[in-house]
Amino acid sequence: MVHSADEFGFATRAIHAGQDADPASGSVIVPIHATSTYAQDGVGGLRAGYEYSRTGNPTRTALEECLASLEGGRYARAFASGMAATDAVLRALCRPGDHLVIPDDAYGGTFRLVDKVLTGWGIEYTPVRLSDVDGVRAAVRPNTRVIWCETPTNPLLGIADVAALADLSRDTGTTLVVDNTFASPYLQAPLALGADVVVHSTTKYLGGHSDVVGGAVVTSDEELAQQVAFLQNSAGAVPGPFDAWLTLRGLKTLAVRMERHSDNAERIAETLSRHPAVRRVYYPGLPGHPGHEVAAKQMRRFGGMVSISLAGGEEAALRLCGRTRLFTLAESLGGVESLIEHPGRMTHASTAGSLLAVPADLVRLSVGIEDPDDLVADLLGALDG
Ligand SMILES: *Cc1c(COP(=O)(O)O)cnc(C)c1O
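An unreviewed UniProt entry lists the chain under the name Cystathionine gamma-synthase, with Gandjariella thermophila given as the organism. As its UniProt record puts it under Cofactor (unreviewed entry), the chain is described as follows: "pyridoxal 5'-phosphate". The record held by UniProt for the chain lists under Sequence similarities (unreviewed entry) the comment "Belongs to the trans-sulfuration enzymes family."

What follows deals with the overall build of the chain. Counting secondary structure elements, the chain contains 13 helices and twelve strands. For 385 residues, the compact-globule formula gives about 21 Å, and the C-alpha radius of gyration of the chain, at 21 Å, lands near that figure. Each principal axis of the C-alpha distribution contributes one length, and for the chain these read about 75 × 50 × 35 Å. The buried share of the chain, taken over its 385 residues, is 54%. At a minimum sequence separation of 6, the contacts of the chain that also span at least 24 residues come to 70%. As presented, the chain carries roughly 15800 Å² of accessible surface, and 52% of it is formed by carbon and sulfur atoms. Taking the average location of the 32 positive side-chain charges in the chain and that of its 45 negative ones, the two points are 2 Å from each other.

Time to look at the pairing of strand β7 (residues 215–219). Counting buried residues along β7, five of its five residues qualify, which places the element largely inside the surrounding structure. Of the two faces of β7, the one carrying Gly215, Val217 and Thr219 and the one carrying Ala216 and Val218 are both buried. Examined bridge by bridge, strand β6 (residues 197–201) and β7 share five bridges and lie antiparallel to one another. Looking at β7, one finds that histidine 200 is bridged to alanine 216.

What counts and what doesn't
Residues numbered from 1 in each chain as written. Predicted model: local features only at pLDDT ≥ 70, side-chain atom pairs only at ≥ 80, totals over all residues. Heavy atoms only, no water. UniProt positions renumbered as here; feature names shortened; annotations may be inferred. Helix = DSSP H or I, 4+ residues; strand = E, 2+ residues; numbered from the N terminus. Rg over C-alpha atoms; globule rule 2.2 N^0.38 Å. Buried < 20%, exposed > 50% of the residue type's maximum accessible area, 1.4 Å probe, protein only. Contact = heavy atoms within 4.5 Å. Areas by Shrake-Rupley, 256 points an atom, 1.4 Å probe, with all protein chains shown as cover. Lys, Arg positive; Asp, Glu negative; His and termini not counted. Charge placed at Lys NZ, Arg CZ, Asp CG, Glu CD. Pairing = 2+ DSSP bridges.

Have a look at this one:
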């Protein structure tokens, strides 16, 4: 049984943790346990601890053990989507009258859940720039229960200092949750930096092939893990066994994919930062990025997401989105294929007019693992044509 980070490196755990050969058949790959229920040996005599697949399924357990190992946490739960995971964590932690601190450029769906759903249940929130730790401290109130952190942020690639926020959260008796979707556990380990909980949209880098939607919660806090599991079993936002299997298959190559995503994104960020049609490149790997030093301290590399603002404004941004041949115009991110999108009109349209609205001249790139020369040529051709 491969689990411990003390004994095995990240790439080894991605391939083996939770994934021993199947004892019944010898199958090297974890089977897709397509079953809703499990035979019992006498009433209550469970053969392997499973009774019903909303509560637990062996394919899902394999995924959860692997996720826990990769994030360095004791407990993981796999969910039907990243938003289902986010919802479960916030409902496990918050009661009416509680207050949340959220990033002022939070993922649009997280903002919508907090602003449109949780406020209806009597939960208050304050959006804050997380790179400003004093600003976060000033936003914490006696009823603040959670500091929600994303780093790098979506779509502006802002960087928050996770260790500094963890100190603040300990001082103030709040819980620090880190949405680690953009970095993936290969590039950043929030629990080791002092965070209490990690949330993922496994739809993105963890699955890595744009073929499955999923989410995850990882923590070493036993009571919180039990509450999340209780809520999940009560509300039912579970991934099916095939979804769990696809995500587990994606995880096996996470380490090599993240290296290549980072190589390609670095090359594109450097190339575009010298291009006259590009007003600004948002990439934490560039030395001029305001979060570069913090990112270099807490991340192994800088990841595959690059945003740019166009000198020609919104019109130029929309034109670029319609002209690339390899970068497919689509929402989402983190797959092996490169994607391009206009956050203001697509992923972040719901933030229009709010504090979290994104610039209209912004284009977001999810840089894939294709040949870097082809990706650069595609972008330059679309910018120059
Ligand atoms: C996509 C995403 C989510 C939501 O995940 P789904 O799987 O789409 O529900 C949450 N946070 C971040 C940073 C994301 O990119």
